Structure formats: structure tokens, C-alpha cells
Amino acid sequence: MTPPVSVTLPQFHPDGTPLVDAARRAEALGFTGVFLFDHLYPLDGPKRPVVELFAALGAVAAATSLLRVGSLVARATTRPPDATASGVAAVQAVSGGRMVAGLGAGDTAAKGEMDAYGLAFPPFEERLETLRKADAILLDELRGAGLYRQTGQVFAVLLPVKSVGVMGDGRT
């Protein structure tokens, strides 16, 4: 049995063509999934453009048929919780159930991006509460769309957990 292997797509371009081409190539090569960052601009600064997470995931989902498509970590604080949940649910629907949603509260590395776009970067406890709201809304959206039972695994990991194991590896 071949282990599942996924790749991160190039999304720091002025358009989505390179990332869609890379996703098609990954699918042709037999990769299991493709993942994208949730950044407003690349970590090296705002000089290069970025294709927004949910727009990119939708394009990739429409251009492929087998790959799982997902967010490495969609920051619940980058957009309102309803918008985050709606984006995940939309990609889940467009992809036919292939969406893998990683949600997070956003770490301090995100502060510069948030400041640059005039978005609030509240203290950790407030960001965590926003994550909890997004998680609850997402679960409601999945249930309402009839997609919850098609979802392979739904769980939240909140601090102070230091490690998340895979079933059977002795850490779960």
C-alpha cells in the first residue's frame, strides 16, 4: 500500500493559473491531496501577490476530481466566522466532499498581515473564541448542507495540547 502524500501549492502569483496547473500535475502523478496557506501576502512581505485561500481552493476543486483539497490552517480571525465557515462549506460542496479544513486562531506571525490590511489582531483568548465560533458555525453549515456525515473527521485541538497523534500511534 502506498502511503498518502500531499503537496503545498504555489499561490503567490498574480493569478491562479500556476496553482491550478500544479494541482492537475499533482493529481496526474498520484498525489493524495493539495494544500494552501491562508495568507494575505507571502511571509517575506507584501511585494508579491497571493491568490486568496477559498478562491484558490474552489479553482483547484473545479479543475481536479480525485485530490483532497485543503487549508493548511485557515485563520478564523482573518475573516468573520460566518465567512470562514461559508468558504469551507462552499469548497466542500464544489469538491464533492474532498475538502480538508484546518482552522486556527492565528499566531503572532500573522500580526503584520492583519495590521497591513486594517484587521484587528486581538489577544490570544479573543482569537481562540473567534476560532470556537467559526468551528461551531462550520459544523452547523456542514449539517445544514447535508455534508456532515460525508466529513471524515471533525475535531478541534485547543491549547495546551502539545501533540496531536494519528489513531493507533499511541498519542491519541
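Details of the structure are given in the entry above.
The notes below deal with the structure included here.

Conventions we followed
- Residues numbered from 1 in each chain as written.
- Predicted model: local features only at pLDDT ≥ 70, side-chain atom pairs only at ≥ 80, totals over all residues.
- Heavy atoms only, no water.
- Helix = DSSP H or I, 4+ residues; strand = E, 2+ residues; numbered from the N terminus.
- Buried < 20%, exposed > 50% of the residue type's maximum accessible area, 1.4 Å probe, protein only.
- Contact = heavy atoms within 4.5 Å.
- Areas by Shrake-Rupley, 256 points an atom, 1.4 Å probe, with all protein chains shown as cover.
- Core = buried A, V, L, I, M, F, W, Y, C linked by side-chain atoms within 4.5 Å.
- Pairing = 2+ DSSP bridges.
- Axes fitted to C-alpha atoms, helices over the stretch in contact; angles between N-to-C directions.
- Right-handed = clockwise from strand over helix to strand, strands pointing away.
- Phe/Tyr/Trp six-rings, centres within 6.5 Å; stacked < 30°, edge-to-face > 60°.
- Salt bridge = Lys/Arg side-chain N within 4 Å of Asp/Glu carboxyl O.
- Patch = residues over 30% accessible without salt bridge, like charges linked within 9 Å, V, L, I, M, F, W, Y side chains within 5 Å.

## Some points on the overall build of the protein
Counting its regular elements, the protein contains five helices and six strands. Helices and strands appear in the protein in the N-to-C order β-α-β-α-β-β-α-β-β-α-α. The buried share among the 172 residues of the protein stands at 38%. Of the contacts made within the protein by residues no fewer than 6 positions apart, 73% connect residues no fewer than 24 positions apart. For the protein, the computed accessible surface area is about 9800 Å², with 58% contributed by carbon and sulfur atoms.

## Observations regarding the nonpolar core
With 23 residues, the main nonpolar core has L9, L19, V34, F54, L57, V60 and V69 as its most contacted residues. If one sorts the elements of this core by residue count, helix 2 (residues 53-63) sits on top with six residues. Among residues more than four places away in sequence, those in contact with L57 are L36, V69, G70, S71, V91 and M99. Counting residues in each nonpolar core, the second largest holds five residues, with A76, A105, L131 and A134 among its members.

## Remarks on the sheet that holds strand 3 (residues 68-71)
Sheet strands pair via backbone hydrogen bonds, and the direction of the pair is either parallel or antiparallel. The four strands lie next to each other as 1-2-3-5, forming an open sheet whose pairing is parallel. Where the open sheet ends on each side, the last strands, each with one partner, are strand 1 (6-8) and strand 5 (99-100). Note that strand 3 and strand 5 share two bridges and pair parallel. The partner of G70 across the bridge, within strand 5, is V100. Packed onto the sheet, helix 2 meets strand 2 (33-36), strand 3 and strand 5 and runs at close to 175 degrees relative to strand 3.

## A look at the pairing of strand 3
Here four bridges tie strand 2 to strand 3, and the two strands are oriented parallel to one another. Considered in strand 3, the bridge of L36 is made with S71. In terms of handedness, the path from strand 2 via helix 2 over to strand 3 forms a crossover that is right-handed.

## Side note on the packing of aromatic side chains
On inspection of all chains with the given rule, the structure shows two aromatic pairs. Taking the centre distance of 6.3 Å and the plane angle of 20 degrees together, the rings of F12 and F37 count as stacked. Taken together, the positions of F12 in the loop between strand 1 and helix 1 (17-28) and F37 in the loop between strand 2 and helix 2 put the pair 25 residues apart, joining distant regions of the chain. The exposure class assigned to F37 is partly exposed, which follows from its relative accessible area of 31%.

## Things to note about the pairing of strand 2
Because side chains alternate across strand 2, one face comprises the buried residues G33 and F35, and the other comprises V34 and L36, equally buried. Relative to strand 2, strand 1 runs parallel, the two sharing three bridges. From the neighbouring strand, S6 faces strand 2, where its bridge partner is G33. Viewed along the sheet, the connection from strand 1 through helix 1 into strand 2 turns out right-handed.

## Re the pattern of salt bridges
Enumeration according to the criterion identifies seven salt bridges in this entry. Here K111 and D115 are joined by a salt bridge, their closest N and O atoms 2.8 Å apart. One end of the pair is K111 and the other is D115, both in helix 4 (residues 111-116) and four residues apart, which spans about a single turn. Its relative accessible area of 38% is what places K111 among the partly exposed residues. The salt bridge involving E129 is made with R132; its shortest N-O contact spans 3.8 Å.

## Notes on a nonpolar patch on the surface
On the surface, a cluster of nonpolar side chains totalling about 220 Å² of accessible area is made up of F37, L72 and V73. Structurally, the position occupied by L72 is in the loop between strand 3 and strand 4 (74-75). L72 gets classed as partly exposed once you look at its relative accessible area, which sits at 36%.

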